[in-house]
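# Structure assessment
Residue-level listing of the chains:
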Amino acid sequence: MKRSLAALAGALLVLVATEARADEGAWLWIENRVALNAKPGAEPGRVDLRIFGELQGSRSAKGPENVLLRMGPLFFLTDWLFIGTHGNALSVRAPDGTWRQQAWVDLEPDLFGRLGDFAILDRNRGEYRWRQDARDVWFYRNMLRISYAPERARWIPYIWDEVYLNASQGQFVENRASIGIGRMVGASTRIDVGYVFRSRRESAAARFDHDHVVTLFFFFDVPRPPPPPGEAPAALPAPGVPAPDTTWPELLPTTPPATPPPPPPPAEPPPAEPAPGESGGG
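Residues numbered from 1 in each chain as written. Predicted model: local features only at pLDDT ≥ 70, side-chain atom pairs only at ≥ 80, totals over all residues. Heavy atoms only, no water.

### As for empty space enclosed by the protein
In total, this model carries 1 cavity of 30 Å³ or more according to the counting rule given. Volume-wise, the largest cavity comes out at about 50 Å³. Lining the largest cavity, in full, are Asp23, Glu24, Gly25, Trp27, Gly57, Ser58, Glu65, Arg198, Arg200, Asp211, His212 and Val213. Every element with two or more residues in the lining of the largest cavity is listed here: β1 (23–35), β2 (47–58), β10 (189–200) and β11 (209–220). The greatest single-element share of the lining of the largest cavity, amounting to 4 residues, is contributed by β1. Classifying every residue of the lining of the largest cavity by side-chain character gives 2 nonpolar, 4 polar and 6 charged. (1 Å grid on protein atoms, 1.4 Å probe; cavity = no way out; pocket = protein on both sides within 12 Å on 5 of 7 lines; lining within 4 Å. Points joined across faces, edges and corners; volume = space filled by probe spheres on them. Helix = DSSP H or I, 4+ residues; strand = E, 2+ residues; numbered from the N terminus. Nonpolar A, V, L, I, M, F, W, Y, C, P; charged D, E, K, R; others polar.)

### Some remarks on the sheet that holds β2
The strand order around the closed barrel built from 11 strands is β1-β2-β3-β4-β5-β6-β7-β8-β9-β10-β11, with neighbouring strands paired in mixed fashion. Here the strands of the sheet are splayed against their neighbours by 20° on average, with no regard to which way each runs. The pairing of strand β4 (residues 81–93) with strand β5 (residues 99–115) spans 13 bridges and is antiparallel. Each residue of the ladder has a partner; that of Ser91, found in β5, is Gln101. (Pairing = 2+ DSSP bridges. Axes fitted to C-alpha atoms, helices over the stretch in contact; angles between N-to-C directions.)

### Observations regarding the packing of aromatic side chains
Ring pairs (aromatic) are described by centroid distance and by the angle formed between their planes. Overall, the coordinates contain 11 aromatic pairs when judged by the stated rule. An aromatic cluster is present here, built from Trp27, Trp29, Trp160, Phe217 and Phe219 joined pairwise through their rings. One cation-aromatic arrangement involves Arg129 over Trp104; the distance from NZ or CZ to the ring centre is 3.8 Å. (Phe/Tyr/Trp six-rings, centres within 6.5 Å; stacked < 30°, edge-to-face > 60°. Lys NZ or Arg CZ within 6 Å of the ring centre and 35° of its normal.)

### Remarks on the confidence of the model for the protein chain
Across the protein chain, the average pLDDT comes to 80, with 71% of residues at 70 or higher. Taken together, the stretch residues 1–20 has pLDDT below 50 and engages in 6 contacts with residues farther than four places along the chain or on a different chain. Contacts for the low-pLDDT stretch residues 233–257, under 50 throughout, to residues beyond four places or in other chains number 116 contacts. (pLDDT = per-residue confidence, 0-100. Contact = heavy atoms within 4.5 Å.)

### Re the pattern of salt bridges
Per the stated rule, a full pass over the model turns up 21 salt bridges. Its salt-bridge partner being Glu24, residue Arg59 comes within 2.4 Å of it at the nearest N-O pair. Note that Arg59 is positioned in the loop between β2 and β3 (63–76) and Glu24 in strand β1, a separation of 35 residues in sequence. Between Glu31 and Arg33 there is a salt bridge, and its shortest N-O distance comes to 2.9 Å. With a relative accessible area of 0%, Glu31 lands in the buried category. Through salt bridges that share partners, Glu31, Arg33, Arg50, Glu108 and Arg125 make up one connected network. (Salt bridge = Lys/Arg side-chain N within 4 Å of Asp/Glu carboxyl O. Buried < 20%, exposed > 50% of the residue type's maximum accessible area, 1.4 Å probe, protein only.)

Below is the structure:
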């Protein structure tokens, strides 16, 4: 019994030591998509412009610490794959209060689809970053998101997990795990509120620090045109948002009001009989 208590006390001490550098924060994400061609839905050939902004704040920074802008096109190649490419600009607040700059380009293949009432997104992102205060670096990120999104659902719970690899050094440097719920406020607008548990480290020799973060995400997708009169709206495919920046598949189809059939054309009067002595036509 004493050994068990000693082991439990040791585990608690390790947990307290691990959480000693834990931080708390709040992140705001905003994504807007603009159609660059007339293709609705997620048909092959559709091209969108993604504009994404992020603001991060934390207790340790006593205010904002990261400001990000991402912009670039999304190319829908099939009904289960689109590829994005973006330019990114990031300002990071250093411990001395100064702001350091980073910029990078990325290539982002996204696999998406549905399994019954569940929408699934697998996002892959390769990045090459230019950093003001450090060497340039390659990053690879992978996010898997699963949402419970029945057709016409208004409330959409979700979970996702994203890993960060420093590909230049072959190191696993960060993981983000999230749970939350989204609310559809229109056919193409969704608001997500979630919790993120982030584990991060600066190098392979460093220990992981763990952060607790509340997130708020506003997502404005390309409005989907209504179907022709008399046709039922088709279920939307999963274009993925993604995550935060995220690529989201749960948008509601819109149902146009029923259009009454047009009245039949008036009957034409029968032709007048020819007068005696005239022909019946020319």
